[in-house]
Amino acid sequence: MSDPHTGRCHAEQAAGRPVGVTVAQRCSRKWVHVYFRVLCRTVEAPKQIIPKSIDDYLEQLSKGVFQAGISWRVVDAKWPGITKAFHRFKVERVARMSDREIDDVANDERVIRSRPKIAAVVHNARTILDLERAGGFKRHLASFGDYESVATDLKRRFKFVGDSGVYHFLYVVRQPVPEWHAWAEAHGKIRPKAAMATRPGRSRGRSAPPARTARPRARQSARPRSRTPRGTRTRTRR
């Protein structure tokens, strides 16, 4: 059992050993793993990183941009070519890309050739650069009080970044994210447990025919039954 205040199990407290994560964090990581394995169809949850520069932020944000509507397996297979096409995601270099350079990348077979997504990466690089010059991009992420506030801001500022893309980005760069199961229910990714429990079952195949009402049988008048003894024949009058 675990302590509700510290999240540490009693055995760990008795031994006096430091605990890396709390029980709530373990539960959250478990559901994050389920999310990336089932919903996003990946083999395992992506590795978290410690961003060393704004270039790392742009790279992780761009993964969610290219993944929109595409399997993660395709994105991972194309990612080495995408990294080279975008100058290893150097924010200042990507922000200077012209329309002609965007067209050249859109014709490159090494990348996912979606011009709107390629143009979105350039737009997002310029936005990150503006926030970095205004006071720091990392400080901007930490300036919000809760997850929904920062998620709303990112979806408003950046292109091709939706609910799943924001969750993926913040999780990978080690920003606070909510427990996955509660987040998925709130954003319609999975059906709430209460709705699943109260939902009536569906019949497979054809719908059931309407129930038939049995008609009452007419009562027969009681009359004596004539019995013919065995071995005798009944003669018919002519």
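Not measured: the values here are computed from a predicted model. (Residues numbered from 1 in each chain as written. Predicted model: local features only at pLDDT ≥ 70, side-chain atom pairs only at ≥ 80, totals over all residues. Heavy atoms only, no water.)

Draft legend 1. Examining the confidence of the model for the chain more closely. On average, residues of the chain carry a pLDDT of 77, and 62% of them reach 70 or more. Helix α1 (residues 10-15) is the least confidently modelled element of the chain, averaging 39 in pLDDT, while helix α5 (residues 91-95) averages 98, the highest of any element. Predicted confidence is poor over residues 1-27, with pLDDT under 50, and the contacts of this stretch with residues over four places away or in other chains come to 26 contacts. Contacts from residues 198-213, a stretch scored under 50 in pLDDT, to residues over four places away or in other chains number one contact. (pLDDT = per-residue confidence, 0-100. Helix = DSSP H or I, 4+ residues; strand = E, 2+ residues; numbered from the N terminus. Contact = heavy atoms within 4.5 Å.)

Draft legend 2. Structural view of the pattern of salt bridges. According to the stated counting rule, one finds seven salt bridges in the structure shown. With a shortest N-O distance of 2.6 Å, R115 and D103 are connected by a salt bridge. Placement of R115 in helix α7 (residues 115-134) and of D103 in helix α6 (residues 99-106) is noted, with a sequence separation of 12 residues between them. We note a salt bridge from R156 to D153, for which the minimum N-O separation is 3.0 Å. Placement of the pair is R156 and D153 together in helix α9 (residues 147-157), with a separation of three residues, close to one helical turn. What makes D153 buried here is its relative accessible area of 7%. Among the charged side chains, a network of salt bridges with common partners joins D153, R156 and R157. (Salt bridge = Lys/Arg side-chain N within 4 Å of Asp/Glu carboxyl O. Buried < 20%, exposed > 50% of the residue type's maximum accessible area, 1.4 Å probe, protein only.)

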